Amino acid sequence: MDAKVGAVNWLAHEGAGEAGAEGEGLMQLGMIGLGKMGANMVRRLMRGGHQCVVYDRNPENVQRLVAEGAVGASSLDDLIGRLSAPRPLWVMVPAGEATETTVESLAQRLSPADIVIDGGNSYFKDDVRRAALLKNRNLHYVDVGTSGGTWGLDRGYCLMIGGPEPVVKHLDPIFRTLAPGRGDIPRTPGRTTVTVSAEEGYLYCGPSGAGHFVKMVHNGIEYGLMQAYAEGFDIFRHANSEHLPKDMRYDLNLPDIAEVWRRGSVVGSWLLDLTASALVENQDLSNFTGAVQDSGEGRRRSKRGFGRMCSPRRCIRDSVLAKTIHLPRRCSWRRATNSAAMSNGRPVARDSRRAIVQRTGVPPFEPRGIGWRAVSRCHAARVGCG
């Protein structure tokens, strides 16, 4: 494919984002950041016929994709020089300083009408600020919340998009190729107002920041689901505790429980599918550390992300806390017992530690990597207060 594919005056090109006959709607894209997600996104785009010019600080990552058909670049200047105007450049680097530095570097090098796409997990207020700065330089900024992980190469990526609508429409062939497509999922019954792209797995959410705002809430829900699964299976794991009466001890098969829940249960989900696979590989999950590296994104957004925009968010806040806190094995019993045994606001005396242990059957230590709030919920579930 010619290196100048996609050189059109798209602002005046009606229907630029609409794919037509074979070969039409194909585009050229620069990808910055070739980690697991960035590299697989490039592979999926090339499978769809798009041309990708790629750059990463690690030359080996670049050469690996060059061997698969991508055009390699040795620097940002080289990357920009190999793209046709108006240039779309997708930034797929860690949120925070890395993204900020990359966007600033691009802003100093790009030409009017070029497009910067942030596909990472940036804070949506940063998107609003960056979009305004780039607009002053006659550049366009698009924020894309990207969900799909390392499985997106085959499954596709769920995309939540914010930015100027004409620019997003121009990029539609890229988004459509990355998205999962309709597949065999039926339309929601009663759905009359149809946004076609939503059924394909990507959605224009609104102006700058809207994409990452929707993705921020998405991540909070994801944390809550993961924490709920973790706490539930931890209860199962201790259901045969010696602290319980003998006639109330259960040796439960965790992989089988996960499997049966995958089939017809209301708690079925892709996250449960992944949990079931992990339990098949190792039932006690000893190959996992029990702690998740904290980038700070979840805590930052839980504290200030929503501001005055919505109602209380205890589930998201608490799940983010449980995700990021990694306490020693012995937890604070003052906090755990008070939280665990509250029912309709009723506090518990500090000296009720033994009573809590007798009633719940949970030993006086917390599972590694689960915060005291998580332990509290496990206690509360057994006591009947949660």
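Residues numbered from 1 in each chain as written. Predicted model: local features only at pLDDT ≥ 70, side-chain atom pairs only at ≥ 80, totals over all residues. Heavy atoms only, no water.

(A) The state of the cysteines, seen in detail. Scanning all chains against the criterion turns up zero disulfides. Between Cys-158, a free cysteine, and Cys-205, which holds the nearest cysteine sulfur, the sulfur-to-sulfur gap is 8.7 Å. Given a relative accessible area of 27%, Cys-205 falls into the partly exposed group. (Disulfide = S-S within 2.5 Å. Buried < 20%, exposed > 50% of the residue type's maximum accessible area, 1.4 Å probe, protein only.)

(B) View of helix 5 (residues 124-135). Under the 1.5 Å per step criterion, the end-to-end length of helix 5 is 17 Å for twelve residues, consistent within 8% with the ideal 16 Å. For helix 5, the set of buried residues is Phe-124, Asp-127, Arg-130, Ala-131 and Leu-134. Axial view of helix 5: buried residues confined to an arc of 105 degrees, hence all on one face. (Helix = DSSP H or I, 4+ residues; strand = E, 2+ residues; numbered from the N terminus. Expected span 1.5 Å × (residues − 1). Arc of directions from axis to C-beta.)

(C) Broad picture of the packing of aromatic side chains. Evaluation of the coordinates by the stated rule reveals seven aromatic pairs. Considering the side-chain rings of Trp-151 and Trp-270, the 5.4 Å spacing of their centres and the 80 degrees angle between planes classify their relative orientation as edge-to-face. Of this pair, Trp-151 sits in the loop between strand 6 (140-147) and helix 6 (152-155) while Trp-270 sits in helix 12 (residues 270-281), and the two are 119 residues apart along the sequence. What makes Trp-151 partly exposed here is its relative accessible area of 44%. When the ring of Phe-233 is compared with that of Phe-236, the centres are 5.8 Å apart and the planes differ by 85 degrees; the resulting orientation is edge-to-face. Placement of the pair is Phe-233 and Phe-236 together in helix 10 (residues 210-237), with a separation of three residues, close to one helical turn. (Phe/Tyr/Trp six-rings, centres within 6.5 Å; stacked < 30°, edge-to-face > 60°.)

(D) Structural view of the packing of helix 11 (residues 254-261) against helix 12. Where helix 11 meets helix 12, the axes come as close as 9 Å, and the angle between the chain directions of the two elements is 155 degrees. Overall, the two elements helix 11 and helix 12 adopt an arrangement that is roughly antiparallel. Helix 12 is crossed by helix 11, and the crossing has left-handed handedness. Contacts from Leu-254, Pro-255, Ala-258, Glu-259 and Trp-261 of helix 11 reach helix 12 at Leu-272, Ala-276 and Leu-279. Split by residue class, the contact of helix 11 with helix 12 holds seven nonpolar, no polar and one charged. (Axes fitted to C-alpha atoms, helices over the stretch in contact; angles between N-to-C directions. Parallel < 35°, antiparallel > 145°, perpendicular 65-115°, else oblique. Left-handed = near helix turned anticlockwise from the far one by under 90°. Contact = heavy atoms within 4.5 Å. Nonpolar A, V, L, I, M, F, W, Y, C, P; charged D, E, K, R; others polar.)

(E) Quick look at the side chain of Arg-130. In this structure, Arg-130 sits in helix 5. Side chain to side chain, Arg-130 and Ser-122 meet in a polar contact 3.1 Å long. For Arg-130, the residues in contact, after removing those within four places along its chain, are Gly-96, Thr-99, Glu-100, Val-103, Asp-118, Ser-122 and Tyr-141. (Polar contact = N/O pair within 3.5 Å; in protein donor to acceptor, adjacent residues only side chain to side chain.)

(F) How the structure looks around the sheet that holds strand 3 (residues 71-72). With mixed pairing, the eight strands of this open sheet are ordered in space as 3-2-1-4-5-6-7-8. Of all the strands in the sheet, the pair left with one neighbour each is strand 3 and strand 8 (202-206). With three bridges connecting them, strand 1 (residues 28-32) and strand 4 (residues 88-91) associate as parallel partners. Bridge assignment links Gly-30 to a residue of strand 4, and that residue is Leu-89. Contacts between helix 5 and the sheet are confined to strand 5 (115-118) and strand 6, with strand 6 contributing the most and set at about 150 degrees to the helix. Most of the contacts of helix 10 go to strand 6, to which it runs at about 20 degrees, and overall it touches strand 5, strand 6, strand 7 (158-162) and strand 8. (Pairing = 2+ DSSP bridges.)

Everything listed is a geometric property; what it means functionally is a separate question.
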